[in-house]
Amino acid sequence: MALKVELVPVLSDNYSYLIYDEDQKKAAVVDPGEAGPLLVRAQERGVSIEQVLLTHHHGDHIEGTAEIVAATGCSVVGPAYEASKISGMTETVSEGDHLEVLGEKAEVFHVPGHTQGHIAISIASANALFSGDSLFVLGCGRLFEGGPADMWSALQKLRELPDETQVFCGHEYTLANAKFCATIEQGNAALTDRIAEIEALREKGLPTIPSTIGVEKATNPFMRADQANVAESIDMVGAAAVEVFAEIRSRKDSF
Ligand code: ZN
Ligand code: FE
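Undergrad: Which parts of the structure should I look at to understand the coordination of the zinc ion (ligand 1)?
TA: The textbook angles at a metal center are 109.5 degrees for a tetrahedron of four donors and 90 or 180 degrees for an octahedron of six. Surrounding the zinc ion (ligand 1) are the protein donor atoms H56 (NE2), H58 (ND1), H114 (NE2) and D133 (OD), at 2.2 to 2.3 Å. For the zinc ion (ligand 1), the four donor atoms are set out with angles of 85 to 173° between them, so the coordination reads as irregular. Within one chain, the residues donating to the zinc ion (ligand 1) are spaced in sequence as H-x1-H-x55-H-x18-D. For the pair the zinc ion (ligand 1) and the iron ion (ligand 2), the metal-to-metal distance amounts to 3.1 Å, and D133 bridges them. Remark: H114 occurs in the loop between β8 (104–110) and β9 (119–123) and H56 occurs in the loop between β4 (48–53) and α2 (59–62); sequence separation between them is 58 residues. Residue H56 is classed as buried on the basis of its relative accessible area, which comes to 0%. Note on H114: relative accessible area 4%, which makes it buried.

As structure tokens, this is what we get:
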């Protein structure tokens, strides 16, 4: 039986996820910024939470963990490089480690930049990537603990995933990201169409997640820093991709 993924809004604009198997009646949760909505959703689906998966140490991604552990006795998996910043982890992982989520194989990527030890987790059988605050829909995380080269190489890794991989990220920042993207790459028809789609979704109050790796590769300027059209749009023809990326990131910081 395939795993299902449901988005669970928490706090003001965070997304946590409930990954579950209806046959086994078991679930894992990703980035519980608060516990209540996840415990309720698991109960509604008739599944018990066995595992918490954490992408990075920021409070809005981990603060519900202790309450979920107290309620369920589940295990807690998170980034090895942030072991000193996250309490209560029962298993730490780094890139290349093969992790099991509800019996399915998961892959761990080290995607630094937003935080130094940030990880992203993909579950091939669920066709899903949980990117936390590394890759966003039409954006990427702010560089709090790393430089442009870190995030650019992180995004290049994620670009290698199959195009149909669904991207489940940590925040609903898409509309603001879309407005920014429109100022970066004007001649990209896929981006123009995507922005219209996003505006329609948000007008109805619907989430813009999941996106897919294929869609992000075609529309997200942070993933496209090595594309001639992007460099040209910001007058950086001939510059190294990492320089183009850095310029886009710094424009976004002050947008
Ligand atoms: Zn964060
Ligand atoms: Fe966050």
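Back to the write-up after that little detour.
Undergrad: What am I meant to see in the layout of surface pockets here?
TA: Summary: where empty space remains is shown by rolling a probe the size of a single water molecule over the atoms. In this model, the largest pocket occupies a volume close to 160 Å³. When the residues that make up the lining of the largest pocket are grouped by side-chain class, the tally is four nonpolar, four polar and four charged.

Undergrad: How do you make sense of the pattern of salt bridges when you look at a structure like this?
TA: Oppositely charged side chains can form a pair if their charged atoms are brought close together. Under the counting rule described, the total for this entry stands at 14 salt bridges. Two residues, R142 and D253, come together in a salt bridge whose shortest N-O distance is 3.4 Å. On the criterion of sequence distance, the pair formed by R142 in the loop between β12 (139–140) and α4 (148–159) and D253 in helix α9 (residues 241–253) is long-range, its members being 111 residues apart. The class of R142 is partly exposed, set by a relative accessible area of 38%. For D253, a relative accessible area of 36% translates into the label partly exposed. The salt bridge partner of R202 is E172, with a shortest N-O separation of 3.9 Å. With R202 in helix α6 (residues 189–203) and E172 in the loop between β13 (166–169) and α5 (174–184), the pair connects residues that are 30 residues apart, well separated along the chain. One salt-bridge network, in which partners are shared between bridges, spans E6, R41, E44 and R45.

Undergrad: Explanation requested: the coordination of the iron ion (ligand 2) in the structure shown.
TA: Bound to the iron ion (ligand 2) are the protein donor atoms D60 (OD), H61 (NE2), D133 (OD) and H171 (NE2), situated 2.1 to 2.4 Å from the metal. Each of the four donor atoms bound to the iron ion (ligand 2) contributes to angles spanning 83 to 169°, and the resulting shape is irregular. In the primary structure, the donors to the iron ion (ligand 2) are separated according to the pattern D-H-x71-D-x37-H. Note on H171: relative accessible area 3%, which makes it buried.

Undergrad: Is there a simple way to think about the packing of α4 against α9 in this case?
TA: Each packed pair of helices is defined by two parameters, the angle between the axes and the distance between the axes. Axis separation between α4 and α9 bottoms out at 9 Å; the angle between their running directions is 110°. The angle between α4 and α9 places the two elements in the roughly perpendicular class. Within the contact between the two elements, α4 uses P148, A149, M151, W152 and L155 and α9 uses A241, V242, F245 and A246. The residue makeup of the contact of α4 with α9, split by class, is nine nonpolar, no polar and no charged.

Undergrad: Help me understand the state of the cysteines in this model?
TA: Two cysteines whose sulfur atoms are joined by a covalent bond form what is called a disulfide. Tallied over the full model, the rule gives zero disulfides. Just so you know, C181 is unpaired, no disulfide at all, and the nearest cysteine sulfur is the one on C140, 9.9 Å from it.

Undergrad: Please clarify how α4 should be interpreted in this entry.
TA: Count 3.6 residues to each turn of an α-helix, and residues three or four apart come out pointing the same way. With twelve residues, α4 ought to run about 16 Å at 1.5 Å a step, and its terminal C-alpha atoms sit 16 Å apart, in line with that. By the burial criterion, the buried members of α4 are M151, W152, A154, L155, L158 and R159. The arc that holds every buried residue of α4, seen down its axis, measures 160°, which confines them to one face.

Undergrad: For this particular structure, what's the right way to read unusual backbone geometry?
TA: Residue P210 follows I209 across a cis peptide bond; omega there is 0°. Look at D31: it is not a glycine, yet its phi comes out positive at around 50°. If you trace the backbone, D31 turns up in the loop between β3 (26–30) and α1 (36–45). D31 gets classed as buried once you look at its relative accessible area, which sits at 2%. Here the phi dihedral of N127 falls at roughly 55°; this positive angle occurs in a residue that is not glycine. Structurally, the position occupied by N127 is in the loop between β9 and β10 (128–132). Residue class for N127 comes out partly exposed when judged on its relative accessible area of 27%.

Rules and cut-offs
- In this convention, every chain numbers its residues from 1, walking through the sequence in written order.
- Lettering for chains starts from A, numbering for ligands starts from 1, and both go in the order in which the items are written.
- Reporting in this predicted model follows two pLDDT cut-offs: at least 70 for local features of residues, and 80 or more for side-chain atom pairs to be given and counted; totals over whole chains, interfaces and linings ignore these cut-offs and use all residues.
- In computing side-chain properties, one takes all heavy atoms of the structure into account and sets aside hydrogens as well as water.
- Only nitrogen, oxygen and sulfur atoms qualify as donors, provided they sit within 2.8 Å of the metal or within 3.2 Å for Na, K and Ca; with water excluded from the atoms, sites may seem incomplete.
- In this scheme the shape depends on donor count and angles: four donors with every angle between 85 and 135 degrees give tetrahedral, four or six donors with opposite pairs above 155 degrees and others between 65 and 115 give square planar or octahedral in turn, and any other case is irregular.
- The secondary structure listing takes helices from DSSP runs of H or I that are at least 4 residues long and strands from runs of E that are at least 2 residues long, numbered from the N terminus.
- Relative accessible area decides the class of each residue, using a 1.4 Å probe on protein chains only: under 20% of the type maximum gives buried, over 50% gives exposed, and in between gives partly exposed.
- The distinction between a cavity and a pocket rests on a 1 Å grid over the protein atoms alone: a 1.4 Å probe fits inside a cavity but cannot get out, while a pocket stays open yet meets protein on both sides within 12 Å along at least five of seven lines, and a residue with an atom within 4 Å of a point counts as lining.
- Grid points are joined across faces, edges and corners, and a volume is the space filled by probe spheres set on the points.
- Classes in brief: Ala, Val, Leu, Ile, Met, Phe, Trp, Tyr, Cys and Pro nonpolar; Asp, Glu, Lys and Arg charged; the others, Gly included, polar.
- For this analysis, a salt bridge means a side-chain nitrogen from Lys or Arg found within 4 Å of a carboxyl oxygen belonging to Asp or Glu.
- To get an axis, a line is fitted to the C-alpha atoms, and for a helix only the part in contact is used. The angle between two axes follows their N-to-C directions and goes from 0 to 180 degrees.
- Note that the term roughly parallel is reserved for angles under 35 degrees, roughly antiparallel for angles over 145, roughly perpendicular for angles of 65 to 115, and oblique for everything else.
- The criterion used for residue contact is that any of the two residues' heavy atoms lie within 4.5 Å.
- What counts as a disulfide here is a pair of cysteine sulfur atoms lying within 2.5 Å.
- Take the number of residues in a helix, subtract one, and multiply by 1.5 Å to get its expected span.
- It is the directions from the helix axis to the C-beta atoms that the arc portrays.

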